[in-house]
Each structure stands twice: as structure tokens, then as C-alpha cells.
Amino acid sequence: MMRTRIGKGRAALLAALLGTGGWAAGQTAGTVATSQGPVQGVTKGAVTQYLGLPYAAPPTGPNRWRPPQAGPTWTAPRAADQLGSACAQVISALFAGPGEQVGDVKGQEDCLFLNVYVPQGRAGPLPVMVWIHGGAFVNGSGGAYDASELARREGVIVVTLNYRLGPLGFLSLPELDAESTDGTSGNYGFMDQQAALRWVQANIAAFGGDRQNVTLFGESAGGYSICTHLASPGSAGLFQKAVIMSGLCGSPGNTVSASEAAQRNVAYAARLGCRKDTLACLRTLDPARLASIKVPGVRPLSNLVWAPVYGGEVLPRPLLETFQNGVFNKVPVVAGTTRDEGRLFVKVGVPEGRTMSLPLYWGAAGLLTGAPNVTRALREYPGRGEGTPALAFSNLFTDAVFACPAVNVAGALARFVPVYAYEFADPQAATEIPSPPDLPGMGSAHSAELVYLFRTRLPGMGNPAAFTPAQARLADAFAGSFGAFARTRQPGWTAYDAARGNVQVFTPSGNAPSTTFAQDHRCDFWNGLKLP
């Protein structure tokens, strides 16, 4: 995807999304005994925060490209009032913060920390919600999201976590396959998430949480992660409910086997100068260099270059196939998307202040659909017939990558478990992201719902202080449905029926079921293309 600088109006975005913190000081809280040692948090308002808790050993030195190892222990109370470091990552155009340059690297390799937000004055044991952040598996951190308001309003304990990103989290290589116990490599960042969930099982009762009432929720790459936990045998029993937000779980170009990933990453290692003694060479390289080098080759536009791969014990089969065959961890699921997912990717892919040209649109459509399908796709989404090429691309990307894969996943899961499908559809969602001139506003772009869910400011993205009264009610309803699901297994609307295609649509004027979601997003067309 094309990269460009962003305007000053979004200059602080990285501070929120990559976890630099900045909350006001609070009062020191009591000590909680964890399996690793006592921790002492800080109470701010009606919520006590326990920040920067190491749930695994630093994945450095000999632990690089190994499954997460047992975390450190201590005897004296450990101060838990500061966020741990974000994981090493390249600053992308979307996430560039004050004084940061696109292409620079920030974060540390020692980054396996989590944060616990406990509402005060609530009778326990409390439901637990574990948040897995997005960022295409190459950006972000758990500390980016202050979950205090969500915990306070919904009466739940919220846990946010970091996991290894990019090549440090998802490198597959034949040499790493030989080192692994099941003959496959590449899922280290996902195994970090599993280690964090095991930490929750071992420790959350000490914070007043119910280890038998854990809801996983995540957006974008976090939503993809939730699907992977549903499909992974190693995640069985670690959670009782799941929320998939804009998850790309069945999207085109994102079904990659461990062997395929290992072979394509040979060229990545060679580009780093590691053609002989590959692992010894790679393990001497600075994390910044590892993160900065791109994997060679042409891939579909929607492909997540670094992501979980299938073919071993961690993830035996492709996600959609796993769901269709009913061999997944069977828990109730909430699954949904935003109405205008693709508008954010127009913003990222076109230089600031420019408009998307027809040739650029045609090329982007071809990268998404492949040459054999692009003519049909352009006929279905004509560059000017949709309004502008930018809007045509947004609609095409929304439908092909998010909306139609989401209902396919919902339909597969719903044969075996209750699934509650939704669409977030505020036509003028509160955002700090300026719209490109050739879009009719950002609408409900990808990630637009996060400020409504957490109800704290995400600098550069959105601020609940800008909500209209109707948007504040929308936030109450949207976040409230997630809280209700965590508490009761019921979000407040009827479970998805593939024959009816019923999707709950959230708007500022209220939320109500719709049975035209698949038609609105032209899913018959996309399913007919059978994109790989």
C-alpha cells in the first residue's frame, strides 16, 4: 500500500495507538498477589490500573523466534503504574506522531507486557474482557487503549496486551521449522497472545475477575487474532466468548500456509544478507533492521504480510475451512464491521490533499482482485459510476475485504454456535481524521467505532468530547452491547440466521436489524468471484 505523511491534525495519533500513555497521576492502590509476585497499581477515579505487567520472559537473545517463555518472578511489591514498552515496529504513514518520521523504528524487543483495569465498588467476581489490538500485525500496542472508561461503565475487568509484531512475531523459515516441535514456524506473536490468556487464567481471580467468564475482543488484526483463537486448539478453555471486529478472517489473500510463508521469507532473509547460517545471522541483527526490510514479492493488496500461518499444531487449517467444518473452539460470538471500512485505506493510499486518479484506482483494483477478475470488478464498481474513483475503491475494498468475508464467517460459525452480527454505521462518525477531497467524508471508516467503544480520546482519530447527543447515545448502545455480552452472553439482539441474513445496524438514530446487508455490499458478486 502506498505511504504518505499525514497532516498535523493527526500528528498525535501514535501516542494513542502505540501506547505512550500520558494519563494523570492517581493514588497508589493496594497490593495484589500474582503468580509471579506482588504488584501495586494506581487508582484513578473509579478504576485501578495495573500497568506494564510482564506476562512472559523478554523475547530477546536466545528467546528470539521461540515460543514465549515463563515470565520473571519477584518478591518485593512491583510498581505497576507505568506502561511497558510497545513492541518494535516501523512507523507507518497512518501512525506517525510528533517528531517521528515514516520508516523509522520505535519500540523495543522486550515488550511482552499487559495491563489490567479494575472498576472499583463492584461486587465480584467480575466478567473479564481481554483486548487484542489491531495494526496489521506490524503496528500498535495494548497500552494505546486506556480501558478505564470501558471498565467503569460496563462493570468489567479489562486486560490489554502487547504481542510481538512484524518479523519478530511472525517469521517463518525452513531453519525455524527445523527448530520447532511441530515442524512449523511463524506464529510467535500469536503464541504470545495465548501466553497472556494463560496469565489471565492463572491470575485474574486475584484482581477480582472470573476466570470462567473471559471475553476476547479485538479489531482489525486484533479481530483476525480472535478468529485464530477460535481455530487454535491451544486456545481451548482460555475464553468463553469472542468479539470479532473488522477481522479480515476470510478476506482474500490472507490464507497462507506455514510452508508457503517459510519459502517466501527465504528471499527476505537473503535481502538482509543472511544467505548462509541464516538463523545465526538473523539473530545477530538489530530489531530495527529486521523490522525495516520488506518481504520481496507481489501479493494481493489486502494481504497481511506478517500474520498467523496455518499448517501446524498452533493453527492446523485455514480459518474459514476450520469454521465450516465445525472444528473450532465453540463459544458465542459477536462479529461485525463498519459501513465504510475502505475510506481509511483511501486516506492511507493517496498523498495528503490529492485525489485518486482513475489509473490508480484501476491498478489498486487489479492488485486486490487479480488480473482475471479485475474487468468484472471494474464493471461492478465503475470508477466514476460510484461517484469518484476514491469512493469506488472504498466501496470495492469495504465489500471484498471486510463486509462479505464477515458474513461468510458469521454464516459458517452460526451452524454451530450463537453468532450476533452487527454493522457500525454512523454516517458522520466523530473523527479527527480529515477526509480526502474526493470522498463525502470519512463516514464509518475502518476503526471509526473504537472511540465509541472505549469512550476515551484516541488522539488524531477521535474524541468522545466531540460527540453529538445522538452519538453519545450510540456509544452507550454500542459499548453497552459488548458489556452485556461479556456479562450475560447476550448483546441485546437476535442471533444471526444465514437464511435471513439479519445484521444489527448501529446508527445515531438507533439500532435495528437489517436483512439487506449482503445485498448492500454485493456479496453475491464477491462470492461468485471466489477470490483466493
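See the structure printed just above.
Residues numbered from 1 in each chain as written. Predicted model: local features only at pLDDT ≥ 70, side-chain atom pairs only at ≥ 80, totals over all residues. Heavy atoms only, no water.

Student: Where do I start with the overall build of the chain in this structure?
Tutor: Check the secondary structure of the chain and you find 18 helices and 15 strands. At 22 Å, the chain has a C-alpha radius of gyration in line with the 24 Å of a compact globule built from 532 residues. Its C-alpha atoms put the chain at 65 × 60 × 50 Å along the principal axes. Burial status across the chain gives 61% buried among its 532 residues. Just so you have it, the chain exposes about 19,300 Å², and 52% of that area is on carbon and sulfur atoms. In the chain, 42 positive and 35 negative side-chain charges are present, and the distance between their average locations comes to 1 Å. (Helix = DSSP H or I, 4+ residues; strand = E, 2+ residues; numbered from the N terminus. Rg over C-alpha atoms; globule rule 2.2 N^0.38 Å. Buried < 20%, exposed > 50% of the residue type's maximum accessible area, 1.4 Å probe, protein only. Areas by Shrake-Rupley, 256 points an atom, 1.4 Å probe, with all protein chains shown as cover. Lys, Arg positive; Asp, Glu negative; His and termini not counted. Charge placed at Lys NZ, Arg CZ, Asp CG, Glu CD.)

Student: Please explain helix α12 (residues 358-369) as it appears in this structure.
Tutor: Spacing of three or four residues puts side chains on the same side of an α-helix, whose turn is 3.6 residues. With 12 residues, α12 extends 16 Å between its outermost C-alpha atoms, agreeing within 8% with the 16 Å of an ideal straight helix rising 1.5 Å per residue. Inspection of α12 places Leu358, Tyr361, Ala364, Ala365, Leu368 and Thr369 among the buried residues, and these make up the whole buried set. Seen from one end, α12 has its buried residues packed into an arc of 125 degrees, which puts them on one side. Elements that come into contact with the buried residues of α12 comprise α13 (371-380), α14 (389-414) and α18 (523-529). (Expected span 1.5 Å × (residues − 1). Arc of directions from axis to C-beta. Contact = heavy atoms within 4.5 Å.)

Student: What is the right way to look at the packing of aromatic side chains in this model?
Tutor: For any two aromatic rings, the description comes down to two numbers: the centre-to-centre distance and the angle of the planes. Evaluated as defined, the whole model comprises 31 aromatic pairs. Arranged with centres 5.3 Å apart and planes meeting at 75 degrees, the rings of tyrosine 268 and tryptophan 306 form a pair that is edge-to-face. In this pair, tyrosine 268 is assigned in helix α7 (residues 258-271) and tryptophan 306 in the loop between α9 (287-292) and α10 (319-324), connecting sequence segments 38 residues apart. Consider the rings of tryptophan 493 and phenylalanine 506, whose centres lie 5.5 Å apart with planes at 75 degrees: the pair is edge-to-face. Taken together, the residues span a long stretch of sequence, with tryptophan 493 in the loop between α16 (469-488) and β14 (503-507) and phenylalanine 506 in strand β14 at a distance of 13 residues. The class of tryptophan 493 is buried, set by a relative accessible area of 8%. With relative accessibility at 2%, the residue phenylalanine 506 sits in the buried group. Among the aromatic residues, those joined into a ring-pair cluster are Tyr420, Tyr422, Phe424, Tyr452, Phe467, Phe478, Phe482, Phe485, Trp493 and Phe506. It is arginine 522 that lies over the ring of tyrosine 381; its NZ or CZ is 3.9 Å from the centre. (Phe/Tyr/Trp six-rings, centres within 6.5 Å; stacked < 30°, edge-to-face > 60°. Lys NZ or Arg CZ within 6 Å of the ring centre and 35° of its normal.)

Student: Teacher, can you tell me more about unusual backbone geometry here?
Tutor: Most peptide bonds take the trans configuration, and most residues that are not glycine carry a negative phi. Proline 125 follows glycine 124 through a cis peptide bond whose omega is -5 degrees. Tracing the backbone through its elements, the reader meets proline 125 in the loop between β7 (113-119) and β8 (126-132). In this structure, serine 220 takes a positive phi of about 60 degrees despite not being glycine. Along the chain, the position of serine 220 falls in the loop between β10 (209-219) and α6 (221-231). The exposure class assigned to serine 220 is buried, which follows from its relative accessible area of 10%. Here the phi dihedral of serine 246 falls at roughly 50 degrees; this positive angle occurs in a residue that is not glycine.

Student: Just checking my understanding: could you explain the pairing of β7 for this structure?
Tutor: Working note: regular strand, side chains alternate between the two faces of the sheet. Counting buried positions along β7 yields 7 of 7 residues, so the element is predominantly enclosed. Burial along β7 is two-sided: the residues Phe113, Asn115, Tyr117 and Pro119 and Leu114, Val116 and Val118 are all buried. As paired elements, strand β3 (residues 47-54) and β7 share 6 bridges and run antiparallel to each other. The residue of β7 that forms the bridge with tyrosine 50 is valine 116. Pairing geometry for β7 and strand β9 (residues 157-161), over 4 bridges, is antiparallel. Looking at β9, one finds that valine 116 is bridged to valine 159. (Pairing = 2+ DSSP bridges.)

Student: Got a minute to help me understand the environment of glycine 462 in this structure?
Tutor: Along the polypeptide, glycine 462 turns up in the loop between α15 (450-454) and α16. Those residues in contact with glycine 462 that sit more than four places away from it in its chain are Ala430, Thr431, Glu432, Val451 and Arg457.

Student: How do you make sense of the side chain of serine 257 when you look at a structure like this?
Tutor: Mapping serine 257 onto the fold places it in the loop between β11 (241-245) and α7. A distance of 3.1 Å separates the side chain of serine 257 from the side chain of serine 259, its partner in a polar contact. Once residues within four sequence positions are removed from consideration, serine 257 is found in contact with Val309 and Tyr310. (Polar contact = N/O pair within 3.5 Å; in protein donor to acceptor, adjacent residues only side chain to side chain.)

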